[in-house]
Amino acid sequence: MRLLSTKQANFEPEFAKLMDRALTAPQIQGTVAEIIASVRREGDDALLDYTIRFDRHDLGHAGAMRVTADEIKQAVAATPKKQREALALAAKRIESFHRLQMPRDIESTDDLGAVTGLRWGPLDAAGLYVPGGKAAYPSSVLMNAIPARVAGVRRVVMTVPTPDGVLNNLVLTAAYQAGVSEIYRIGGAQAIAAMAYGTQTIRAVDRIVGPGNAYVAEAKRQVFGKVGIDSIAGPSEVLILADEDNDPVHIALDLLAQAEHDEDAQSILITTSGTLAGAVESAVSAALQGLPRAQIAKVSWARHGAIILVQNWDEGEILANRIAAEHVQLMVADPYLLFPKIRHAGAIFLGKSTPEAIGDYVAGPNHVLPTSGTARFASGLSVYDFLKRTTYVSLPPAALEALGPVAVTLAEAEGLTAHASSVAVRLKRD
């Protein structure tokens, strides 16, 4: 864990080191390219081979890749009632929030009678990647599938790895509640390739969304252009801005809530209080003793964690926007005063009683968010990821007569004679 202060002479180079986090790992590009090429060339056979190699599970034949309706029903029945109810409440809140995002078509008729408009429409098919390695995330199923369903996507496909052949009941229950029934027990870069290019069993989709490991992220990068993607997700991260009037244990647990995701996750605290900084550092060490995923969190905190002391919140605001974190918690006396100044963040959590973890599950907004500083130009998953905009124009003859000569002039200026002629031929001649 780094302890930095803006007063340090070497603050800028140390801060740069903290922020030096690659979205993908260059050393795996060749391996991922080979996996994608194999799936394109061999289809289902490649998927079966990779499932044996990486998930230690011999499916036997391609038909076994798809999770059956009976398996989904059994998983739902095996899920404890309390967990089913929790998923149902989360799904309801996520759906309600995403329905508010649905845009409206627009159409305008100007004084020439020209009609211009914009029409929204859903994708035909979306692919959801759900992690199933170090941890399985039913919450990710809801966050990825529900916006697609709200947007009106007709076909929603889900892939999830099943190490040693074990299906996660909670993941399947979440899929059932989100209305996803086309589920395949494959994972990794090979699942991304299958959804992008299609195989004998799995039909290709139009956009792939959902987080995964470094191989999944690199595969999404390589198939982009053939299909759309939500983003190239890096390790999870949280930035907390906290004043001295905070319980250090609360902050420590908020930091570790991200650190326990992955050894490469990043947790940063910015504070104006040296006393709080020391107390939080001690609280993190104490809290690590009781975490089941303590080893993962410990490595993350040691490698990528940091506490940054600033002289005032003007400095804190500048650093927060430079970091552009996936999650930002504002644990200050008046979070709404600081809130407008935080321009770059995937999601912002205001106030001491709003831990980021609530947003992972049940708040409503999506938890699939831009990482590694990409919040400077990217946004979290939403219904817009599953919609397309189509513009349209309709000109009555009078409008063409008014606008056509201008188009001809511009086309001729660009040296595009056919463009000019295609308009001129429709104009009235004197």
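Here the structure is a predicted model, which is why all the values come from computation and not from measurement.

## A short note on the pairing of strand E5 (residues 155-159)
Across the 5 residues of E5, 5 count as buried, placing the element largely inside the fold. Of the two faces of E5, the one carrying Arg155, Val157 and Thr159 and the one carrying Val156 and Met158 are both buried. Alignment of strand E4 (residues 125-129) against E5, held across 5 bridges, turns out to be parallel. Within E5, the position partnered with Ala125 by the bridge is Arg155. In terms of strand pairing, E5 meets strand E6 (residues 182-184) through 3 bridges, oriented parallel. Bridge assignment links Met158 to a residue of E6, and that residue is Ile183. Crossover connection from E5 via helix H7 (residues 169-177) to parallel E6: handedness right-handed.

## Examining the sheet that holds strand E13 (residues 347-350)
A sheet is described by the order of its strands in space; here 6 strands give the open sequence E1-E11-E10-E9-E12-E13, paired in parallel fashion. The open sheet has two edge strands, strand E1 (2-5) and E13, and neither has a second partner. Mean inter-strand twist for the sheet, computed between neighbouring axes without regard to direction, equals 15°. Here strand E12 (residues 327-331) pairs with E13 via 4 bridges, running parallel. Within E13, the position partnered with Leu330 by the bridge is Leu350. Sheet contacts for helix H11 (residues 274-288): strand E9 (237-242), strand E10 (266-271) and strand E11 (306-309); angle to E11, the most-contacted strand, approximately 170°.

## Comments concerning helix H8 (residues 188-197)
For H8, a buried count of 9 out of 10 residues is recorded, marking the element as mostly surrounded by other parts of the structure. Among all positions in H8, only Gly188, Ala189, Gln190, Ala191, Ile192, Ala193, Ala194, Met195 and Ala196 are buried. The elements touched by buried residues of H8 are helix H2 (29-42), helix H3 (44-55), E4, E5, strand E7 (207-209) and helix H9 (214-223).

## Structural notes on the packing of H2 against H8
Packing of H2 against H8 leaves a shortest axis separation of 9 Å and a crossing angle of 45°. Classified by the interaxial angle, the pair formed by H2 and H8 is oblique. The element H2 and its partner H8 pack so that their crossing is right-handed. Residue-level inspection shows Val32, Ile35, Ile36, Val39 and Arg40 of H2 in contact with H8, the latter providing Ala189, Gln190, Ala193, Ala194 and Tyr197.

## Quick word on the packing of aromatic side chains
For the coordinates displayed, the defined rule picks out 4 aromatic pairs. A ring pair is formed by Trp120 and Tyr384, whose centres lie 6.0 Å apart and whose planes are at 50°; its orientation type is tilted. Separated by 264 residues along the polypeptide, Trp120 in strand E3 (residues 115-122) and Tyr384 in the loop between helix H15 (356-361) and strand E14 (387-394) bring together distant segments of the chain. When its relative accessible area of 41% is taken as the criterion, Tyr384 is described as partly exposed. For the pair Tyr336 and Phe339, a centre-to-centre distance of 6.4 Å together with 75° between the ring planes defines the contact as edge-to-face.

## Focus: the side chain of Asp55
By secondary structure assignment, the location of Asp55 is in helix H3. Although Asp55 lies buried, it forms no salt bridge, and the closest oppositely charged side chain, Arg56, sits 5.8 Å away as judged by the N-O distance.

## Let's talk about the sheet that holds E3
Strand pairing within a sheet occurs via backbone hydrogen bonds; the two strands may be parallel or antiparallel. Pairing is antiparallel in the open sheet, where 3 strands are placed in the order E2-E3-E14. The open sheet terminates on both sides in strands that have one partner only, identified here as strand E2 (106-109) and E14. Between one strand axis and the next, the sheet turns through 15° on average, direction left out of account. For E3 and E14, the ladder comprises 8 bridges, and the chain directions are antiparallel. Its bridge partner lying in E14, Thr116 is registered against Val393.

## Focus: the nonpolar core
Leu142, Met158, Val180, Ile183 and Phe386 are the most contacted members of the largest nonpolar core, which totals 36 residues. Going through the elements one at a time, helix H4 (69-78), helix H5 (81-99), E4, helix H6 (138-151), E5 and H7 are the ones with two or more residues in this core. A per-element tally of this core places H6 first, with 8 residues. In this view, Met158 contacts Leu128, Val130, Val141, Val171, Ala175, Val180, Glu182, Ile183 and Tyr184; residues no more than four positions away in its chain are not counted. Among the nonpolar cores identified, the runner-up in size contains 33 residues, and Tyr50, Ala62, Ala191 and Val205 belong to it.

## A short note on the pattern of salt bridges
Close approach of charged atoms allows side chains of opposite charge to pair. All chains considered together, the criterion is met by 13 salt bridges. A salt bridge links Arg41 to Glu42, with the nearest nitrogen and oxygen atoms 3.3 Å apart. Relative accessible area serves as the criterion here: at 32%, Glu42 is assigned to the partly exposed category. The partner of Asp243 in a salt bridge is Lys352, and the shortest N-O contact between them spans 3.9 Å. Taken together, the residues Asp243 in the loop between E9 and helix H10 (248-259) and Lys352 in the loop between E13 and H15 connect sequence positions 109 residues apart.

Analysis parameters
- Residues numbered from 1 in each chain as written.
- Predicted model: local features only at pLDDT ≥ 70, side-chain atom pairs only at ≥ 80, totals over all residues.
- Heavy atoms only, no water.
- Buried < 20%, exposed > 50% of the residue type's maximum accessible area, 1.4 Å probe, protein only.
- Helix = DSSP H or I, 4+ residues; strand = E, 2+ residues; numbered from the N terminus.
- Pairing = 2+ DSSP bridges.
- Right-handed = clockwise from strand over helix to strand, strands pointing away.
- Axes fitted to C-alpha atoms, helices over the stretch in contact; angles between N-to-C directions.
- Contact = heavy atoms within 4.5 Å.
- Parallel < 35°, antiparallel > 145°, perpendicular 65-115°, else oblique.
- Left-handed = near helix turned anticlockwise from the far one by under 90°.
- Phe/Tyr/Trp six-rings, centres within 6.5 Å; stacked < 30°, edge-to-face > 60°.
- Lys, Arg positive; Asp, Glu negative; His and termini not counted.
- Salt bridge = Lys/Arg side-chain N within 4 Å of Asp/Glu carboxyl O.
- Core = buried A, V, L, I, M, F, W, Y, C linked by side-chain atoms within 4.5 Å.

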